[in-house]
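Observations on the three-dimensional arrangement
What follows is each chain in one-letter form.
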Amino acid sequence: MALKCGIVGLPNVGKSTLFNALTSAKALAANYPFATKEPNVGIITVPDPRLDKLSELVNPQRVQPTTIEILDIAGLIKGASKGEGLGNQFLANIREVDAIIHVVRCFEDDNVVHVDGNVDPVRDKEIIDTELIFKDIETVEKRLEKLRKEAKTGTKEAKKAVENAEYILSQLEEGLNARAIEMTDDQQELVQSMMLLTSKPILYVCNVDEDSATTGNTHTEALKASVANEDAEVILVSAEIEYEISQLESKEERLEYLETMGLHEPGVNRLINSSYALLNLITYFTAGVKEVRAWTITKGTKAPQAAGVIHTDFEKGFIRAEVIHYEDFIHYGSEAAVKEAGKMGVEGKEYVVQDGDVMHFRFNV
């Protein structure tokens, strides 16, 4: 499952610096708007200590973590929904992603120009929200026009669809993004079918100065308060620190640097894991002498569909799944020891895969 996240924000908030820290791709990070005109794309691995532990025990020929595709999207300005700046391009790029990483500037620095003159994360967040909402209003209006034509036939379903679209439109016009609208299942289904920009899962990243990396500041508190009604997470990251960490050669150097900063792990690790969780994703593993690998599935996925992530034949010809819980694998130290202890489960088509399961699929095609 290819997960694609888009890094968005106003110009000069630290998007490209954060992207560089995530990918070490050395994307252009200049102190002026539109330094990023085409979306830089990077593939980053999802850090998972469980994969490392399994690899230590199995000692495979190769190790394959799960990955996320990250897009560094051009900075947006007021009027983007009407094509101002790189607005049309920005909105087209954001439509492609599964989740949004919204970087908001929460640091003061006279050497880094703010596109609106001063630092105000709530205002900055609302500028982007407004542009996305304007685009969503346009999308709903177009759909509503079609639904009203269909409703002239007089079917109850068509008339109900019009009512639902009118409700969603009214809420957007009130300034609510789609994530914050209270909806029935039918209304939620309609929103999903329209692929509204403000319905996408979102993670707010407060780009802070070095001193605020662990405790935050007045800017971060203001932003947290402003998004309290949204189903969204807010994390603190110093893009500058993260980039410096990414340039260090050894793991020991990086750990030492983190310790001096009073941090337990790189902020980018939290960002990646939060992005992963944002889409309700979990990981299962396959472990053998040739390869130990992490696989991404949606929470609630059953065994045959999980097998299909590896290969469609695995799902089509699914017979059973041999399952070892991660904790049991670590405790007993090997697949053979787990079997000997009677801790390997044999599961059928209705088994719901759990986060961390170590699996082997039996199939026949």
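Quick look at the structure, then. (Residues numbered from 1 in each chain as written. Predicted model: local features only at pLDDT ≥ 70, side-chain atom pairs only at ≥ 80, totals over all residues. Heavy atoms only, no water.)

**Quick notes on the packing of aromatic side chains**
Counting across every chain of the model gives 3 aromatic pairs. With a centroid separation of 5.9 Å and an interplanar angle of 85°, the aromatic rings of Tyr 284 and Phe 361 are classed as edge-to-face. In this pair, Tyr 284 sits in strand 8 (residues 281–287) while Phe 361 sits in strand 12 (residues 358–363), placing the two residues 77 residues apart along the sequence. Across this residue pair, the class does not change: Tyr 284 and Phe 361 are buried. (Phe/Tyr/Trp six-rings, centres within 6.5 Å; stacked < 30°, edge-to-face > 60°. Helix = DSSP H or I, 4+ residues; strand = E, 2+ residues; numbered from the N terminus. Buried < 20%, exposed > 50% of the residue type's maximum accessible area, 1.4 Å probe, protein only.)

**With respect to the side chain of Thr 283**
Mapped onto the elements of the fold, Thr 283 is located in strand 8. A distance of 2.5 Å separates the side chain of Thr 283 from the side chain of Tyr 276, its partner in a polar contact. (Polar contact = N/O pair within 3.5 Å; in protein donor to acceptor, adjacent residues only side chain to side chain.)

**What to know about the pairing of strand 1 (residues 3–8)**
Counted residue by residue, strand 1 has 5 buried out of 6 residues, so it is predominantly covered. One ladder, built from 5 bridges, connects strand 1 with strand 4 (residues 67–72); its direction is parallel. Note that in strand 4 the partner of Lys 4 across the bridge is Glu 69. As paired strands, strand 1 and strand 5 (residues 99–105) are joined by 4 bridges and run parallel to one another. (Pairing = 2+ DSSP bridges.)

**Examining the pairing of strand 7 (residues 233–237)**
Among the 5 residues in strand 7, 4 count as buried, and that is most of the element. Pairing of strand 6 (residues 202–207) with strand 7, which is carried by 5 bridges, proceeds in the parallel orientation. Within strand 7, the residue paired with Leu 203 across the bridge is Glu 233.

**Concerning the packing of helix 4 (residues 121–151) against helix 6 (residues 185–194)**
Their axes nearest at 11 Å, the elements helix 4 and helix 6 cross at an angle of 105°. One element, helix 4, and the other, helix 6, form an angle in the roughly perpendicular class. Mapping the contact onto sequence places Thr 139, Val 140 and Arg 143 in helix 4 and Leu 190, Ser 193 and Met 194 in helix 6. Looking at the contact of helix 4 with helix 6 residue by residue, the class counts come to 3 nonpolar, 2 polar and 1 charged. (Axes fitted to C-alpha atoms, helices over the stretch in contact; angles between N-to-C directions. Parallel < 35°, antiparallel > 145°, perpendicular 65-115°, else oblique. Contact = heavy atoms within 4.5 Å. Nonpolar A, V, L, I, M, F, W, Y, C, P; charged D, E, K, R; others polar.)

**What to know about a negative patch on the surface**
The grouping of Glu 249, Glu 252, Glu 253, Glu 256 and Glu 259 at the surface amounts to a negative patch. You can see Glu 253 is positioned in helix 9 (residues 251–261). Taking the relative accessible area as the measure of exposure, Glu 253 reaches 37% and is therefore partly exposed. (Patch = residues over 30% accessible without salt bridge, like charges linked within 9 Å, V, L, I, M, F, W, Y side chains within 5 Å. Areas by Shrake-Rupley, 256 points an atom, 1.4 Å probe, with all protein chains shown as cover. Salt bridge = Lys/Arg side-chain N within 4 Å of Asp/Glu carboxyl O. Lys, Arg positive; Asp, Glu negative; His and termini not counted. Charge placed at Lys NZ, Arg CZ, Asp CG, Glu CD.)

**Quick notes on the pattern of salt bridges**
This model, assessed by the stated rule, comprises 17 salt bridges. Where Lys 125 meets Glu 230, a salt bridge forms, and the shortest distance between an N and an O atom there is 2.9 Å. With Lys 125 in helix 4 and Glu 230 in the loop between helix 7 (218–226) and strand 7, this residue pair connects regions lying 105 residues apart in the sequence. Each member of the pair, Lys 125 as well as Glu 230, is classed as buried. With its nearest N and O atoms 3.0 Å apart, the salt bridge here joins Glu 230 to Arg 179. With Glu 230 in the loop between helix 7 and strand 7 and Arg 179 in the loop between helix 5 (156–173) and helix 6, the pair connects residues that are 51 residues apart, well separated along the chain. Relative accessible area serves as the criterion here: at 8%, Glu 230 is assigned to the buried category.

**Some words on the environment of Ile 245**
Residue placement: Ile 245 occurs in helix 8 (residues 239–247). Relative accessible area serves as the criterion here: at 3%, Ile 245 is assigned to the buried category. For the pair Ile 245 and Glu 256, spaced 11 residues apart in sequence, the C-alpha to C-alpha distance is 9.9 Å. The residues contacting Ile 245, other than those within four sequence positions of it, are Arg 254, Tyr 257 and Leu 258.

**As for the nonpolar core**
Leu 18, Leu 22, Ile 70 and Val 205 are the most contacted members of the largest nonpolar core, which totals 53 residues. What Ile 70 contacts, discounting residues up to four positions off in sequence, is Cys 5, Ile 7, Phe 19, Leu 22, Asn 40, Val 41, Gly 42, Ile 44 and Ile 101. Ala 161, Ala 165, Ile 168 and Leu 169 belong to the second largest nonpolar core, which has 19 residues in total. (Core = buried A, V, L, I, M, F, W, Y, C linked by side-chain atoms within 4.5 Å.)

**Structural notes on unusual backbone geometry**
Positive phi values are uncommon outside glycine, yet Asn 12 reaches one of about 65°. You can see Asn 12 is positioned in the loop between strand 1 and helix 1 (15–23).

**Details of the environment of Ile 319**
Tracing the backbone through its elements, the reader meets Ile 319 in strand 10 (residues 318–324). Along the primary structure Ile 319 and Gly 348 are separated by 29 residues, whereas in three dimensions their C-alpha atoms are 7.1 Å apart. Those residues in contact with Ile 319 that sit more than four places away from it in its chain are Arg 362, Phe 363 and Asn 364.

By themselves, these observations are geometric and do not establish any function.
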